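Understanding the architecture of this molecule
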Amino acid sequence: MQIRVERLRVRYENFELGVDSLDFPANRVSALVGPNGAGKSTLLKALSGVIKPVAGSIFVDGQELARLRGSDRARLVSYVPQEHSAALNFRVFDFILMGRSGYLDIFSSPTRADYQKAEEVVSYLGLEALAGRRCQELSSGERRIVLIARALAQDSKIILLDEPTTFLDLKHEMEIINLLRKLAEDRGKTIITSVHSIDLIPRLADFLFMIKNGRILAAGPTIEIFQAELLGTLFDYPLRVVEAGGRQLILR
Amino acid sequence: MTGSKSKNKNRAILYIAILFPLLLLFVSLCLGTLRVSLREVLEILLARISGGPADLLTSPAANIIFNIRLPRVLLALLAGAAFSVSGASLQSIFRNPLVNEYILGVSFGAGFGAAASMVLFSRNFPPQILAFACGLLAVVLVLAISEGARNTLVAVLLTGIIVSALFQALLSTLEFIASPYALQALFFWLLGSFSQATWPDLAWSAPLILAGLVFLLKLGWRINVLSLSDDEARSLGLAVKRERILVICLATLITSAVVAIAGIIGWVGLIVPHAVRGLVGSDNRLVLPVSAGLGASLMLLADDLIRTLFPYEFPVGILTSLVGIPFFLYLIRRARTSWS
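What you are looking at is a predicted structure, and each value in this text was computed from that prediction instead of being measured.

Section: the overall build of chain B
Scanning chain B from N- to C-terminus turns up 15 helices and zero strands. Seen along its three principal axes, the alpha-carbon backbone of chain B occupies a region of about 65 × 65 × 35 Å. With 340 residues in all, chain B has 55% of them scored as buried. A sequence separation of at least 24 residues applies to 76% of the contacts in chain B between residues at least 6 apart. Both charge centroids of chain B, one from 24 positive and one from 15 negative side chains, sit 8 Å from each other.

Shown next, in the form of structure tokens:
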């Protein structure tokens, strides 16, 4: 399932993002990269339908996102925020179950089928040990996985993530990278994620979208555009890309 | 497994929360200046239902139980359930443990509305209507003024105080222009008491409260999701603004329906949900019904205490404030460290 963006203009907290035209390919991992405040999160929020564009359109499989009902949208696109700060301390399983809300009408609670779906996600991600605990007891790495689990319970073809690995230690970072690849390759999910550390991109993303000052600087397959010159322009800092072990590495 | 153990524990708490107020209802009917045994109470109730012996039904005890105690006891139960469920719902959707109908200005808004109705119209006009309208106006004012503030938690508290003060001033104006006779009634009603409960009052308020409670309980899962950030709730498919307004309207409705006949009884909606979350966790599918049961029981117990311990009618609203305010201060102290 692919996402297409046309002449999009989004305003969010005194910030304006303008994108002429973009295509995010289906069943692949796409990474959004750029300096802080470039507009990555704003673009993700627009793609998820959380904020409405001022002008232009976002099409998901030919359907215009802004015209969909909330629940229909939630079945197509899920959104994993960077952090979750909860007022209430839910049980991890109930938290994951919230991913099913788009399938429920306003006065109903999750059904047996919803519970089954959430249990399936828990066992797919191996979260059995966490499921009975409370969200506020989790480490930040565990919390990120649980947020992804909720998106998987949502069962949408497209998953958007806002810097899912920031502040994580190496092991958890790699766990999430591998999980995102697996979701695209084995489960046919379309993954679009913003990435803070560019070192991860060659391992993670099939496609790369460089954003600077609310505009797209470059977009294309990672192999083609992961270049020192473009990255240097993107971050206003000279960088070198070298190859080692068949993989591209950044030198700063 | 700890999971199923806690599930069983929660189920047990839920059953107790449902059964305890019922039990308390029968016991409370026995209490008062005229002692009636539980057996007699049950006989009278049964006779009433089955159309039993006329001499039993016309006895002084039957008269007291039906016309004085039963409406009072039912009103106390409904009030406790309404304040607690509305408090728990509002705390969740505002993501703020300090919020309740008192803080949001609903109590004084509804109080002013009901008082205005009593002074301006005849007593036959249901005060619930103006109470609800003014209660809603108060919340809308609080939300509109505090919107966009950097620290919403503090902003809502401060605005709530200001809006409550406004409606208190309006209330004072009413008291000033009211006739001495109306003034006395107004004064005692405002302090918060179930002693004046009558069947005609309940006939208006009880259906509103029960309907509001049913809808809020059915919204339990939604209220869980609404307690997440707006962005998250929206991405999970909720129409956040509309659903939040629905919860606020229902919470205001049940609170106003109580205030219209029992006056201002604060702080129950703060204490009960907090205790319940400590017992059963945060899931509102459980928190709301348990709060309803526990709130109803506590309110009735408080009223029973007043009826039996004090030689005169001490307003229950004063009692709940004397207990609630120190508890509120304790929560504020904790909030300073754990909420921002």
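With respect to the interface of chain A and chain B
Put simply, an interface is often sized by how much accessible area is lost when its parts join up. The interface of chain A with chain B comprises 35 residues on the first partner and 28 residues on the second. Considering only the side of chain A, the residues that lose the most area to chain B are Leu88, Ile106 and Phe107 of chain A, jointly responsible for 25% of the buried surface there. Joining chain A to chain B, the criterion identifies three salt bridges. The partner of Asp94 of chain A in a salt bridge is Arg285 of chain B, and the shortest N-O contact between them spans 3.4 Å. There are 13 residue pairs in polar contact (both at pLDDT 80 or more) connecting chain A and chain B. Among the elements that line the side of chain A that touches chain B, the one with the most residues is helix α2 (residues 70-76) of chain A, at four residues.

Brief notes about the packing of aromatic side chains
What characterises a pair of aromatic rings is the spacing of the ring centres plus the angle enclosed by the ring planes. By the definition in use, this model includes 12 aromatic pairs over all chains. Centre to centre, the rings of Phe121 of chain B and Phe125 of chain B are 4.8 Å apart; their planes meet at 55°, and the pair counts as tilted. Phe121 of chain B sits in the partly exposed class, given a relative accessible area of 40%. Relative accessible area serves as the criterion here: at 33%, Phe125 of chain B is assigned to the partly exposed category. Geometrically, the ring pair formed by Phe310 of chain B and Tyr312 of chain B is tilted, given 6.2 Å between the ring centres and 55° between the ring planes. In this structure Tyr312 of chain B comes out as exposed when scored by relative accessible area, which is 53%. Taken together through their ring pairs, the aromatic side chains of Tyr102, Phe108, Trp267 and Phe328 of chain B make up a single cluster. The ring centre of Tyr124 of chain A lies 4.9 Å from the NZ or CZ of Lys182 of chain A, which sits over that ring.

A few points about unusual backbone geometry
All names here are of chain A. In this structure, Asp61 is a non-glycine residue whose phi angle is positive, near 50°. Following the sequence through the fold, Asp61 ends up in the loop between β4 (55-60) and β5 (63-64). Here Asp61 falls in the partly exposed class, since its relative accessible area comes to 45%. A positive phi is found at Asp236, a non-glycine position, where the angle reads about 55°.

Quick look at the sheet that holds strand β3 (residues 29-33) of chain A
Residues and elements named next belong to chain A. With mixed pairing, six strands are arranged side by side in an open sheet as β6-β7-β8-β3-β9-β10. Two strands bound the open sheet, and with one partner strand each, they are β6 (77-80) and β10 (215-221). Adjacent strand axes in the sheet meet at a mean angle of 15° when their direction is disregarded. As defined by bridge partners, β3 adjoins strand β8 (residues 190-194) across four bridges and the pair is classed as parallel. Within the sheet, the bridge partner assigned to Ala31 lies in β8 and is Thr193.

A look at the environment of Leu130 of chain A
Residue and element names in this part refer to chain A. Position of Leu130 relative to the elements: it lies in helix α5 (residues 128-131). Distance from Leu130 to Arg143, taken between C-alpha atoms, is 9.9 Å for residues 13 residues apart in sequence. Excluding its chain neighbours within four sequence positions, the residues that come into contact with Leu130 are Val92, Leu138, Glu142 and Val146.

Here's the deal with empty space enclosed by the protein
Inspection of every chain in the model, using the stated rule, returns three cavities of 30 Å³ or more. By volume, the largest cavity is sized at about 90 Å³. Per-class residue counts for the lining of the largest cavity are seven nonpolar, two polar and three charged.

As for the side chain of Asn224 of chain B
Take Asn224 of chain B: it is sitting in helix α10 (residues 220-226). Polar contacts involving the side chain of Asn224 of chain B include one to the side chain of Asp283 of chain B, which spans 2.7 Å. Filtering out sequence-adjacent residues up to four positions away, Asn224 of chain B remains in contact with Phe90 and Met98 of chain A together with Ser282, Asp283, Asn284 and Arg285 of chain B.

Brief notes about the environment of Arg144 of chain A
Residues and elements named next belong to chain A. By the element assignment, Arg144 lies in helix α6 (residues 140-153). The sequence separation of Arg144 and Gly126 amounts to 18 residues, and the corresponding C-alpha distance is 14 Å. Those residues in contact with Arg144, other than ones at most four positions away along the chain, are Gln82, Glu83, Glu163, Pro164, Thr165, Thr166, Phe167, Leu168 and Ile176.

Description of the state of the cysteines
Residues and elements named next belong to chain B. What the rule picks out here adds up to zero disulfides over all chains. Of all cysteine sulfurs, the one in Cys134 lies closest to Cys249, which takes part in no disulfide; the gap is 14 Å. The exposure class of Cys249 is partly exposed, given its relative accessible area of 25%.

Regarding a nonpolar patch on the surface
Residues and elements named next belong to chain B. Together, Ile16, Phe20, Leu23, Leu298 and Leu301 give the surface a local cluster of nonpolar side chains, amounting to about 460 Å² of exposed area. Sorting the residues of the nonpolar patch by element identifies α1 (2-30) and α14 (284-309) as the ones contributing at least two each. In terms of residue count, the dominant contributor to the nonpolar patch is α1 (three residues).

Reading the values: rules and limits
- Residues numbered from 1 in each chain as written.
- Chains lettered and ligands numbered in written order.
- Predicted model: local features only at pLDDT ≥ 70, side-chain atom pairs only at ≥ 80, totals over all residues.
- Heavy atoms only, no water.
- Helix = DSSP H or I, 4+ residues; strand = E, 2+ residues; numbered from the N terminus.
- Buried < 20%, exposed > 50% of the residue type's maximum accessible area, 1.4 Å probe, protein only.
- Contact = heavy atoms within 4.5 Å.
- Lys, Arg positive; Asp, Glu negative; His and termini not counted.
- Charge placed at Lys NZ, Arg CZ, Asp CG, Glu CD.
- Buried area = accessible area lost by both parts, 1.4 Å probe.
- Salt bridge = Lys/Arg side-chain N within 4 Å of Asp/Glu carboxyl O.
- Polar contact = N/O pair within 3.5 Å; in protein donor to acceptor, adjacent residues only side chain to side chain.
- Phe/Tyr/Trp six-rings, centres within 6.5 Å; stacked < 30°, edge-to-face > 60°.
- Lys NZ or Arg CZ within 6 Å of the ring centre and 35° of its normal.
- Pairing = 2+ DSSP bridges.
- Axes fitted to C-alpha atoms, helices over the stretch in contact; angles between N-to-C directions.
- 1 Å grid on protein atoms, 1.4 Å probe; cavity = no way out; pocket = protein on both sides within 12 Å on 5 of 7 lines; lining within 4 Å.
- Points joined across faces, edges and corners; volume = space filled by probe spheres on them.
- Nonpolar A, V, L, I, M, F, W, Y, C, P; charged D, E, K, R; others polar.
- Disulfide = S-S within 2.5 Å.
- Patch = residues over 30% accessible without salt bridge, like charges linked within 9 Å, V, L, I, M, F, W, Y side chains within 5 Å.
- Areas by Shrake-Rupley, 256 points an atom, 1.4 Å probe, with all protein chains shown as cover.

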